[in-house]
Amino acid sequence: KPLPPAEAKRLLKLYDFAAKDNGSFWDTIGLPLKAVLVSPNFLFRAESQPRADDPKTVHLIDEFSLASRLSFFLWSTLPDERLLELAEQNLLRKNLASEVQRMIGDSKIKEFVKNFAGQWLQLRDLDLVNPDQKRFPGFSDKLRNAMRAETETFFHQLLKENRPVTEFLDADYTYLNDVLAHHYGLEGTYGKELRRVSKLDFVLEDVSPRGGLLTQASILTITSNPTRTSPVKRGKWILDNILGTPAKDPPPDVPELNDNSPQSVGKTLREQLSAHSSKPICASCHVSMDAIGFALENYDAVGRWRETDAGKPIDANGKLATGESFTGASELQAFISDKRREGFVRCLVEKLLVYALGRGLDYYDRPAVAKVISQSRQDGFSFADMMLSIIQSDPFQKRRGESPPN
């Protein structure tokens, strides 16, 4: 934002003071430069407030602060000249819809895709997973990068094309290159660059069904153990990040599932977990997590399709405590998209708002969340429109004073 005259005057006084030593220009300019670099207005994204110490006061942020919030939300960096020019003319709010559209179409939006998808979908964990090389010898850094690229490209295109966010679950396409297509069991040449592949291509080749986040190798890999799948982790991940209904933490004295115990030999993972979670204290949480996770059991720990576990046909049926049931990933995604759509949309809106504000949500944010969901429903849950609704919301446009320190 423009430098206030009083602040410029203070910096010039520092320059004049340093100039008395008759040093070079670079020696002299160093003192005011240090003052700039240690200023709280430089070190922090400070937003001016008329009554900063009054938590009951709520006011619109100024247009320069809005430009900063908008740019860090969508681009993870400083506002460009266009945003600053509009802010200086007090025209940014009047042109907000067109500016958001421009910013989503800019290549810098990929920073939002990488950072928000990394936070919401936990894609950052893909750098930390190390599947057992004896069981999964084909796993490599090249495959890891292709997995991440599939999910980020899928995410980016949904936003760029303003597609309904329900396509995160029920899309009939994905994005593949040679590395990932081979991993998924598709024949033919797909090239080094990712390209859109329809679910029909998988059906024609009679290979693993793909379409939607829950069938993408990145998600299936980060929700597995190094040596095997984990229906519990997969179920918990969906409860946390798709449905917004986190399960309780397990009691501290519950032992881990032991794959090498004599009781586990020759048993499927479903059979092992059935015995593991049979205690009443465990069953209350496992009934939902396991039912959801078992629907993904046809995908191994690195996301490849399989038909058997421990030599037995995989049972991909899941039944919730409500009596609702589904079989396999496609039915699970369709179930969430249809029967749990409101929960998914609410979860996504809350995750986006937390990311946009850089803080957790409080009770006074609930009306804004409800308003964004209502507007999104009218817009057909289109992704870019949802982003604009969040940017137009009170929590993004306004701020309240803070309680003074004791």
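Attention here is on the structure that accompanies the text. (Residues numbered from 1 in each chain as written. Predicted model: local features only at pLDDT ≥ 70, side-chain atom pairs only at ≥ 80, totals over all residues. Heavy atoms only, no water.)

### Some remarks on the overall build of the protein
Scanning the protein from terminus to terminus reveals 20 helices and 8 strands. Counting all 406 residues of the protein, 46% fall into the buried class. A total accessible area of about 21,500 Å² is found for the protein, and carbon and sulfur atoms account for 52% of it. (Helix = DSSP H or I, 4+ residues; strand = E, 2+ residues; numbered from the N terminus. Buried < 20%, exposed > 50% of the residue type's maximum accessible area, 1.4 Å probe, protein only. Areas by Shrake-Rupley, 256 points an atom, 1.4 Å probe, with all protein chains shown as cover.)

### Details of helix α2 (residues 25–38)
For α2, which comprises 14 residues, the first-to-last C-alpha distance of 20 Å matches the rise-based estimate of 20 Å (1.5 Å per residue) to within 8%. For α2, the principal kink sits at Leu31 and spans about 30°; a proline, Pro32, occurs within the next four residues. (Expected span 1.5 Å × (residues − 1). Bend = angle between axes of the 7 residues up to and from the residue.)

### Describing the side chain of Ser71
Positionally, Ser71 belongs in helix α4 (residues 63–74). The class for Ser71 is buried, based on a relative accessible area of 0%. Here Leu78 takes part through its backbone oxygen, which lies 2.9 Å from a polar atom of the side chain of Ser71. Not counting the four nearest positions on each side in its chain, Ser71 is found in contact with Ser76, Thr77, Leu78, Pro79, Leu83 and Met103. (Polar contact = N/O pair within 3.5 Å; in protein donor to acceptor, adjacent residues only side chain to side chain. Contact = heavy atoms within 4.5 Å.)

### As for the pattern of salt bridges
Taken as a whole and assessed by the stated rule, the structure comprises 16 salt bridges. Put simply, Asp80, Arg82, Glu99 and Arg102 are held in one network by salt bridges that share partners. (Salt bridge = Lys/Arg side-chain N within 4 Å of Asp/Glu carboxyl O.)

### Digging into the environment of Lys371
Topologically, Lys371 is positioned in helix α18 (residues 366–378). Among the residues examined, Lys371 registers a relative accessible area of 65% and is labelled exposed. Sequence separation between Lys371 and Ser393 is 22 residues, and the spatial gap between their C-alpha atoms is 8.1 Å.

### Things to note about unusual backbone geometry
For Asn90, which is not a glycine, the phi torsion comes out positive at approximately 60°. Here Asn90 lies in the loop between α5 (81–88) and α6 (96–105). For Phe381, which is not a glycine, the phi torsion comes out positive at approximately 60°. Summarising the element assignment, Phe381 is placed in the loop between α18 and α19 (383–392). Judged by its relative accessible area of 7%, Phe381 falls in the buried class.

### Describing the layout of surface pockets
If you add up the space inside the largest pocket, you get close to 910 Å³. Considering the residues around the largest pocket, the lining is formed by 31 residues, among which Arg69, Leu357, Arg359, Pro395 and Lys398 are closest to the centre. It is α18 that provides the largest number of residues to the lining of the largest pocket, a total of 5 residues. Grouping the amino acids of the lining of the largest pocket by side-chain chemistry returns 13 nonpolar, 7 polar and 11 charged. (1 Å grid on protein atoms, 1.4 Å probe; cavity = no way out; pocket = protein on both sides within 12 Å on 5 of 7 lines; lining within 4 Å. Points joined across faces, edges and corners; volume = space filled by probe spheres on them. Nonpolar A, V, L, I, M, F, W, Y, C, P; charged D, E, K, R; others polar.)

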